[in-house]
Structure formats: C-alpha cells, structure tokens
Amino acid sequence: MSVETKTLSKEISEIFWREGFTLATAESCTAGNVAAIITAIPGSSRFYKGGIIAYANEVKQDLLHVAAASLEQHGAVSEEVVVEMAKGVMETLNVDHAIATSGIAGPAGGTPDKPVGTIWIAACNRETVITAKLSEDNGREKNIQAATKKALQLLLELCQNKENEQ
C-alpha cells in the first residue's frame, strides 16, 4: 500500500466513523484491491460491510443488478455499467455508500475503442453518483493501483461534499 492510498483510506475511515456511514465495494478489474486498502485501516469493520468481485458479466447481472441491455449496449467497461454496479452493491449489501470499478487492467483484453488502461470508476451514496475514467496504460499492477487510488479519491470527494452540505 502506498503512503498516498493509506492516507486516503485513513481520511475516509475517520469520516465514516464520525458520520456513521456504511460502505460496500463492487470490483471487477481491481479484484478486491480497493477493499484490501480500506480494510487495512484498523476499525474499518465498523463501516465496511463487504464487497463483490464481479469479473464475470453474470455476476454483475445476478448480484449487482446490472441490466443485460447495459452490458450489451455499452460493454462491461463503461460509465453506465460501473454506475449500475455501484448502485447494485449499495442495494445488495444495504449500505449508504459504494465504490465500483470496471476496466481493462492488461496486459491483454484491449480493443481500439477501449484500449488497455481504460478503467471506469464510480462512487455513490443515495443521492449522488460521481464517476471517473482512467485511460493510461502503465502496466497491469500500476493500472490497478491507479484505479484504486482514484476510487478512494472519488469516495473522499463524495463524502466531503456531503459534509459541506450539512
């Protein structure tokens, strides 16, 4: 875990402890890395309820309620699908915040339209969804690390915006 992701995770933990928020993750290309970073902080069990690693489209559909039409029309690596994944894990695990990732970490699997390094990330609560797209290929491990860091940044941004509204 990098110092930066550890710092992000610690900031998120402090907000979630203080506010009583709950969190779940739905991960495809990051394969549990986001959950691992979050749960590396002692006490994360007070707010982190669990995650679903959804590599296969059937898992995205069956457990995360991603519409078959979304997968068909946009593909698993799309903003539409990652938003449905985030909302789906929030519903399935009954939490008030979620993070989702879906992408092509590499080294293979890319297409001209979606090259290796294309990763969509969503963070949401009951009112708001924010997304980001990564598109730089720095090798599988660095692509996963970049997606994990961006997922944490999005969640922190979402929580800080909610705190500022209160």
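Just so it is clear, the model here is predicted, and its values are computed rather than measured.

**Concerning the pairing of strand E2 (residues 48–53)**
Pairing analysis gives five bridges linking strand E1 (residues 23–27) to E2, with the strands arranged parallel. Within E2, the position partnered with Leu23 by the bridge is Tyr48.

**Concerning the pattern of salt bridges**
A full pass over the atoms with the stated rule returns two salt bridges. Linking Glu19 and Arg18 is a salt bridge whose minimum nitrogen-to-oxygen distance equals 3.6 Å.

**As for the nonpolar core**
Core analysis: the largest hydrophobic core is formed by 30 residues, its most contacted members being Phe16, Leu23, Ile38, Ile99, Ile121, Leu152 and Leu155. Elements with a minimum of two residues in this core: helix H1 (3–19), helix H2 (33–39), strand E4 (119–125), strand E5 (129–134) and helix H6 (140–165). Element by element, the count of residues in this core is highest for H6, at nine residues. In this structure Leu23 touches Phe16, Ile38, Phe47, Tyr48, Lys49, Gly50, Val95, His97, Ala98, Ile99 and Leu155, once residues within four positions along its chain are discounted. Core analysis: the second largest hydrophobic core is formed by 24 residues, Ala54, Val83, Met85 and Ala122 among them.

**Some remarks on the side chain of Ser44**
Topologically, Ser44 is positioned in the loop between H2 and E2. Every residue in contact with Ser44, bar those within four places of it in the chain, is listed here: Trp17, Ile38 and Thr39.

**Here's the deal with the packing of aromatic side chains**
Given two aromatic rings, their pairing is described by the distance between the two centres and the angle made by the two planes. Using the criterion set out here, one finds two aromatic pairs in the structure. Note on Phe16 and Phe47: the rings are 5.1 Å apart at their centroids and 45° apart in plane angle, and the pair reads as tilted. Highlighted residues: Phe16 in helix H1 and Phe47 in the loop between H2 and E2, separated in sequence by 31 residues. No difference in accessibility class separates Phe16 from Phe47, as the two residues are buried. A connected cluster of aromatic rings, assembled from ring pairs, spans Phe16, Phe21 and Phe47.

**Section: H1**
Given 3.6 residues per turn, any residue in an α-helix points the same way as the ones three and four places further on. Here H1 contains 17 residues, and its C-alpha end-to-end distance of 24 Å stays within 8% of the 24 Å for a straight helix at 1.5 Å per residue. Residues Thr5, Leu8, Ser9, Ile12, Ser13, Ile15 and Phe16 constitute the buried set of H1. All buried residues of H1 lie within an arc of 165° about the axis, which places them on one face of the element. Away from its buried face, by an angle of more than 90 degrees, H1 presents the exposed residues Val3 and Arg18.

So, how was this worked out
Every chain's residues receive numbers from 1 upward, in the order its sequence appears when written. Local features in a predicted model are, by the rule used here, given only for residues with pLDDT of at least 70; side-chain atom pairs are given and counted only at 80 or more, and totals for whole chains, interfaces and linings are based on all residues. Side-chain metrics in this entry use all non-hydrogen atoms of the structure; hydrogen atoms and water are not considered. Here, strands pair whenever DSSP counts at least two bridges between them. Labels follow the DSSP assignment, with helices taken as runs of H or I lasting at least four residues and strands as runs of E lasting at least two, numbered in each case from the N terminus. Take a side-chain nitrogen of Lys or Arg and a carboxyl oxygen of Asp or Glu: if they are within 4 Å of each other, that pair is a salt bridge. To define a nonpolar core, start from buried Ala, Val, Leu, Ile, Met, Phe, Trp, Tyr and Cys residues and group those joined through side-chain atoms within 4.5 Å. Under the scheme applied here, a residue whose accessible area is under 20% of the maximum for its type counts as buried, over 50% as exposed, and between as partly exposed, the area being computed with a 1.4 Å probe on protein chains only. Contacts between residues were defined by any pair of non-hydrogen atoms, one from each residue, lying within 4.5 Å. Classification of ring pairs uses Phe, Tyr and Trp, with its six-membered ring standing for Trp, and accepts pairs whose centres are within 6.5 Å; under 30 degrees between planes counts as stacked, over 60 as edge-to-face, and the remaining range as tilted. Here, expected helix span is obtained from the residue count minus one, scaled by 1.5 Å. In this description, the arc belongs to the directions extending from the helix axis to the C-beta atoms.

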